[in-house]
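Coordinate analysis (summary)
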Amino acid sequence: MKEVRTHARELMSGFCRVCPICNGKACAGEVPGMGGLGTGASFMNNVAALAGVRFNMRLVHGAEAPDMSVEVLGLKLAMPVLAAPIGGVTFNMGGKITEQEYVDAVLGGCAERGVLGCVGDGVPPFIHESGFAAVKALGGIPFIKPWEDKELFEKLDRAAATGAPVIGMDIDAAGLVTLRLMGRPVGPKPLEKLRDIISHVSARFVLKGIMTPDDAMRAVEAGAAGIVVSNHGGRVLDHTPGTAEVLPAIAAAVKGKTAILVDGGVRTGGDVLKMLALGADAVMIGRPFSIAALGGLKDGVVKYLDQLKGELAQAMILTGCARVSDAGPQILFQSS
Ligand SMILES: Cc1cc2nc3c(=O)[nH]c(=O)nc-3n(C[C@H](O)[C@H](O)[C@H](O)COP(=O)(O)O)c2cc1C
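Since the model is a prediction, treat every value here as computed from it, not as a measurement. Counting restarts for each chain: residues are numbered from 1 in the order of the written sequence. Where local features are concerned, this predicted model is filtered to residues with pLDDT of at least 70; where side-chain atom pairs are given and counted, the filter is 80 or more; whole-chain, interface and lining totals use all residues. The side-chain figures draw on all heavy atoms in the structure; neither hydrogens nor water molecules are used.

Observations regarding the site of the ligand
If a single non-hydrogen atom of a residue is within 4 Å of a molecule or strand, that residue counts as near it. Within the structure, the ligand sits among 23 residues, and P85, D263, R267, G286 and R287 are positioned closest to it. Between an oxygen atom of the ligand and a side-chain N or O atom of D170, the distance comes to 3.1 Å. Between an oxygen atom of the ligand and a main-chain N or O atom of R287, the distance comes to 2.9 Å. Note on areas: Shrake-Rupley with a 1.4 Å probe; residue coverage comes only from the protein chains shown. For the ligand, the protein covers 98% of the area, taking 610 Å² as the surface of the free molecule. A pocket, in this scheme, is an open set of points on a 1 Å grid over the protein atoms alone with protein on both sides within 12 Å along at least 5 of 7 lines, while a cavity is a set where a 1.4 Å probe fits but cannot get out; residues line either one if an atom lies within 4 Å of a point. Pocket occupancy is defined atom-wise: a molecule lies in a cavity or pocket when more than half of its atoms are within 2 Å of its grid points. The site holding the ligand turns out to be the largest cavity. Asp, Glu, Lys and Arg are counted as charged, while Ala, Val, Leu, Ile, Met, Phe, Trp, Tyr, Cys and Pro are counted as nonpolar; the rest, among them Gly, fall into the polar class. Within the shell around the ligand, the residues separate by chemical class into five nonpolar, ten polar and eight charged. Polar contact is the term for a pair of N or O atoms within 3.5 Å; when the atoms are in protein, one must be able to donate a hydrogen and the other to accept it, and sequence-neighboring residues count only if both atoms are side-chain atoms.

Some thoughts on empty space enclosed by the protein
Grid points are joined across faces, edges and corners, and a volume is the space filled by probe spheres set on the points. Following the criterion strictly, the structure yields two cavities of 30 Å³ or more and no others. Lining the largest cavity we find 32 residues, and of these P85, I86, G87, H232 and R235 sit closest to its centre. Only runs of H or I of at least four residues qualify as helices and only runs of E of at least two qualify as strands under DSSP, and these elements are numbered from the N terminus. Put simply, the parts of the chain that give the lining of the largest cavity at least two residues each are α3 (89-93) and α7 (177-181). The residue makeup of the lining of the largest cavity, split by class, is 13 nonpolar, eleven polar and eight charged.

Digging into the environment of F15
Tracing the backbone through its elements, the reader meets F15 in the loop between α1 (2-11) and α2 (41-51). It is 8.5 Å that separates the C-alpha atoms of F15 and G35, two residues lying 20 residues apart in sequence. If we ignore the near neighbours within four places in the chain, the residues touching F15 are E30, G33, M34, T90, F91, N92, M93 and G94. Note on contacts: a residue pair qualifies if any of its non-hydrogen atoms lie within 4.5 Å across the two residues.

Examining the pattern of salt bridges
The working definition used for a salt bridge is a side-chain nitrogen of Lys or Arg within 4 Å of a carboxyl oxygen of Asp or Glu. Taken as a whole and assessed by the stated rule, the structure comprises 16 salt bridges. Among the ionic pairs, E112 bridges to K298, the shortest N-O distance being 2.7 Å. Residue E112 is found in helix α4 (residues 99-112), and its partner K298 is found in helix α12 (residues 287-319); the two are separated by 186 residues along the sequence. Residue exposure (1.4 Å probe, protein chains only): buried if accessible area is under 20% of the type maximum, exposed if over 50%, otherwise partly exposed. Using a relative accessible area of 35% as the deciding quantity, one classes K298 as partly exposed. Between R195 and E192 there is a salt bridge whose closest N-O contact spans 2.5 Å. Of this pair, R195 and E192 both sit in helix α8 (residues 191-200), three residues apart, roughly one helical turn.

Focus: unusual backbone geometry
The omega torsion of the bond from V31 to P32 falls at 0°, within 30 degrees of zero and hence cis. Summarising the element assignment, P32 is placed in the loop between α1 and α2. Each neighbour pair has its own omega, and for V123 with P124 the value is 0°, a cis peptide bond. Within the secondary structure layout, P124 lies in the loop between β4 (116-119) and α5 (126-138). Of note, the phi angle at V18 is positive, near 50°, even though the residue is not glycine. Mapped onto the elements of the fold, V18 is located in the loop between α1 and α2. Of note in this structure, L73 is not a glycine but carries a positive phi near 55°. Mapped onto the fold, L73 is located in the loop between β1 (70-72) and β2 (75-77).

Quick look at the nonpolar core
Here, nonpolar core means buried Ala, Val, Leu, Ile, Met, Phe, Trp, Tyr and Cys residues that are tied together by side-chain atoms lying within 4.5 Å of each other. Of all hydrophobic cores here, the largest spans 114 residues; its most connected members are Y102 and M275. If you tally residues by element for this core, the top one is α12, at 13 residues. Sequence-distant contacts of M275, defined by excluding residues within four places in its chain, comprise L50, T243, A244, L247, V262, G264, V266, A280 and V283.

Description of the side chain of T258
Turning to its location among the elements, T258 is positioned in the loop between α10 (243-254) and β9 (259-262). A distance of 3.1 Å separates the side chain of T258 from the backbone nitrogen of G226, its partner in a polar contact.

Digging into the sheet that holds strand β3 (residues 81-83)
Across a sheet, strands are paired by hydrogen bonds formed along the backbone, either parallel or antiparallel in direction. DSSP calls a pair of strands paired once it identifies at least 2 bridges connecting them. Here eight strands make up a closed barrel; going around it, the order is β3-β4-β5-β6-β7-β8-β9-β10 and the pairing parallel. Adjacent strand axes in the sheet meet at a mean angle of 25° when their direction is disregarded. Inspection of the sheet shows strand β7 (residues 204-210) paired to strand β8 (residues 226-229) by four bridges, in the parallel sense. Bridging from a neighbouring strand, K208 pairs with V228 of β8. In this analysis, axes come from line fits to C-alpha atoms, helices being fitted only over the stretch in contact, and the angle between any two N-to-C directions falls in the range 0 to 180 degrees. The strands that helix α11 (residues 269-277) touches are β3, β9 and β10 (282-285); relative to β10, the one it contacts most, it runs at about 135°.

Digging into α2
What α2 keeps buried is the set A41, S42, F43, N46, V47, A49 and L50. Contact partners of the buried residues in α2: α10, α11 and α12.

Looking at helix α6 (residues 149-160)
One fewer than the residue count of a helix, multiplied by 1.5 Å, yields its expected span. Taking 1.5 Å of rise per residue, twelve residues should cover 16 Å, and α6 covers 16 Å from first to last C-alpha, within 8% of that figure. Those residues of α6 not exposed but buried are L152, F153, K155, L156 and A159. What you see down the axis of α6 is that its buried residues fit within an arc of 160°, all on one side. It is the directions from the helix axis to the C-beta atoms whose arc is reported.

Pasting the structure below:
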């Protein structure tokens, strides 16, 4: 990974510093770019919230070869990790590789290790076109922005034509500066509209950008098969809490009624296990996959996934989790 990161630092120069800890401090305000919006507080809160979660180390047990596989949204995954949808290689990462090379690297690496990658949407059209082509060839989940009617339904139909078993919408992109700058209409959706959108799609539907139990319950009411607890990596609204802070209350409201995914600040296998213990069924990771793909294309992604898998196994063994479903509050330290 060291070589991959060094190469990524060269290629992403001016867009991402590939810091030792990817926490949003050095890149605060860099949107477009890889940073968080405004003061960068939402991005930083994601990382800080996870860092504040601590493990109970538990060794008197027999969980020495943990089973990391999961089934979520009807998908069998070798571990509970997905690459988050990320688009805009040119204006966010420096454009030293093409959008197509980027999504092929992420989805190809994920497929090789038995997990799934997601692809994003945006302007110009080659963002979703590259994404759809990669999903068709390699498998993955397309995420569509919350456009206004005609564009939204057309895009959903084109996403469905990729054959993807799951399709998502990042409803929080309603606040994206990059789209506003380009004069493209995106917006929040009332419950009735959301119901229409979800019933239009025959694939299982995932709503990304959920930060409150209320919105999570509405997503369930509208028929979402899954939600992603996410603040879009801190890129849409300054001063939101970290996702690890809001996850337990959201899980208390909807666990078992919809699949709960979460992203924001997840960097290591230990972070993945923390999110599972806080109530997630699976975890998405964003920026580290971008660095891995820029620095080493598909091989870089495979290397990052192998690193994550080793870390997750280690964390599961040292907290006494024989399987992913064993992760719960008992593995987290609560100071009295
Ligand atoms: C450069 C960049 C582009 C992104 N593009 C999209 C997108 O097109 N669709 C989407 O749903 N989320 C997008 N996201 C948000 C990610 O899917 C994810 O929510 C976020 O990166 C998770 O935080 P992390 O990077 O700290 O892991 C983007 C994030 C970044 C950094």
